[in-house]
Amino acid sequence: MKTDESRRGRRGGWQVADLPDASDASEWFHGRLPEAWFSAVDVTVDREEILVVGTLVVDSSADDVSAAEAEGRIGRFRSETRAERIEIAREAQARYERKVSWGVRLGDTEALFTHVAAPVMTRLRQPERRVLDTLVDAGVARSRSDALAWSVRLVGQHADEWLGQLRDAMAEVDKLRGEGPTL
C-alpha cells in the first residue's frame, strides 16, 4: 500500500494513485504483439482499461478492401488469434491492473471485440437534466445515461484538438512535479 506522501501531487485522486504507472503500455504492447498481426497499433490507456486497436496487414496486391471483405478478415483474425490475445491480455492485466480490450481496423472498417463500459456517477442540476431529457424525448437517446454518453462523444469529436492540448499540458505539469523538490 502506498503512503499518503507518495500520493501527493498526483492527478486523479486515490483511485489513480493505487494503480501502477501505465505510461509504457504502448511500448510494452509494441514489443509483445506478434509482428505479423498489425501494420500499426494504437494503445489508449485510462483508469479502467487499456484499448489495443491494430491495423491489419493488407496484401500488397489488394489496395482497396470492401466492407464485406474487411468484416470477413476481421472475423477470421478474431477467431484465429483469440487464445494468444487472451494470454497477452492476462500478462498486461497483471502488469498494469487494468482490463485489456481489443479492436481491429482494416480499411474504413473498425471493430472493437471487447471493451469496458464503466459506470460514471454524476450530479446534474435541472438545466443539465433538461438537456438529457430533451435528447431522450426526441428519440436521440433511450435514457439519460445514453444521452450523457452521446453528449460526451459529441464533445470529444468537436473538441479533439483542445482536449489533446489539455492532455499535453497535464503531462508537462506531471513532468515538472516529478522534477520538483520533495517534502
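Computed from a predicted model, the values in this text were never measured in an experiment. (Residues numbered from 1 in each chain as written. Predicted model: local features only at pLDDT ≥ 70, side-chain atom pairs only at ≥ 80, totals over all residues. Heavy atoms only, no water.)

Ala25, Trp28 and Phe29 are the residues of helix 3 (residues 25-32) that are buried. End-on, the buried residues of helix 3 take up no more than an arc of 95 degrees, which puts them together on one face. Set apart from the buried face of helix 3 by more than 90 degrees, the exposed residues are Glu27 and Gly31. As for helix 3, its buried residues are in contact with strand 1 (38-45), strand 2 (49-56), helix 4 (67-96) and strand 3 (99-106). (Buried < 20%, exposed > 50% of the residue type's maximum accessible area, 1.4 Å probe, protein only. Helix = DSSP H or I, 4+ residues; strand = E, 2+ residues; numbered from the N terminus. Arc of directions from axis to C-beta. Contact = heavy atoms within 4.5 Å.)

A few words now on unusual backbone geometry. Positive phi is not limited to glycine here, since Glu97 has a value of about 55 degrees. By the secondary structure assignment, Glu97 is in the loop between helix 4 and strand 3.

Our focus in this paragraph is the sheet that holds strand 2. In spatial order, the strands read 1-2-3-4; together these 4 strands make up an open sheet with mixed pairing. A strand with exactly one partner marks an edge of an open sheet, and here the two such strands are strand 1 and strand 4 (109-112). Going across the sheet, the axis of each strand differs from the next one's by a mean of 20 degrees, ignoring polarity. In this structure, strand 2 lies alongside strand 3, joined through 7 bridges in parallel fashion. Note on strand 3: the bridge partner recorded for Glu49 is Lys99. Along the sheet face, helix 3 touches strand 1, strand 2 and strand 3 and points at about 150 degrees away from the line of strand 1. Of the strands in this sheet, strand 1, strand 2, strand 3 and strand 4 are in contact with helix 4, which crosses strand 3 at around 155 degrees. (Pairing = 2+ DSSP bridges. Axes fitted to C-alpha atoms, helices over the stretch in contact; angles between N-to-C directions.)

What follows covers the pairing of strand 3. Here strand 3 lies mainly inside the structure; 6 of its 8 residues are buried. Pairing of strand 3 with strand 4 involves 4 bridges; the strand directions are antiparallel. Directly across from Arg105, in strand 4, lies its bridge partner Glu110. Between strand 3 and strand 4, which follow one another and run antiparallel, lie 2 residues, and Gly107 among them has a positive phi close to 60 degrees.

As a further point, take the packing of helix 3 against helix 4. At a minimum axis separation of 12 Å, helix 3 and helix 4 run at an interaxial angle of 150 degrees. On the basis of their axis angle, the class for helix 3 and helix 4 is roughly antiparallel. Note on packing geometry: the crossing formed by helix 3 with helix 4 is right-handed. When helix 3 is examined against helix 4, the residues Ala25, Trp28, Phe29 and Arg32 are found in contact with a partner set consisting of Glu87, Ile88, Glu91, Ala92, Arg95 and Tyr96. For the contact of helix 3 with helix 4, a count of residues per class yields 6 nonpolar, no polar and 4 charged. (Parallel < 35°, antiparallel > 145°, perpendicular 65-115°, else oblique. Left-handed = near helix turned anticlockwise from the far one by under 90°. Nonpolar A, V, L, I, M, F, W, Y, C, P; charged D, E, K, R; others polar.)

Another aspect to go through is the nonpolar core. Core analysis: the biggest nonpolar cluster contains 25 residues, and Phe29, Leu33, Phe38, Ile50, Val52, Val100 and Trp102 have the highest contact counts within it. For this core, the secondary-structure elements that each account for two or more residues are helix 3, strand 1, strand 2, helix 4 and strand 3. Of all the elements, helix 4 adds the most residues to this core, at 7 residues. Setting aside chain neighbours within four positions, we find Val52 in contact with Phe29, Leu33, Val41, Asp42, Val43, Val100, Ser101, Trp102 and Gly103. (Core = buried A, V, L, I, M, F, W, Y, C linked by side-chain atoms within 4.5 Å.)

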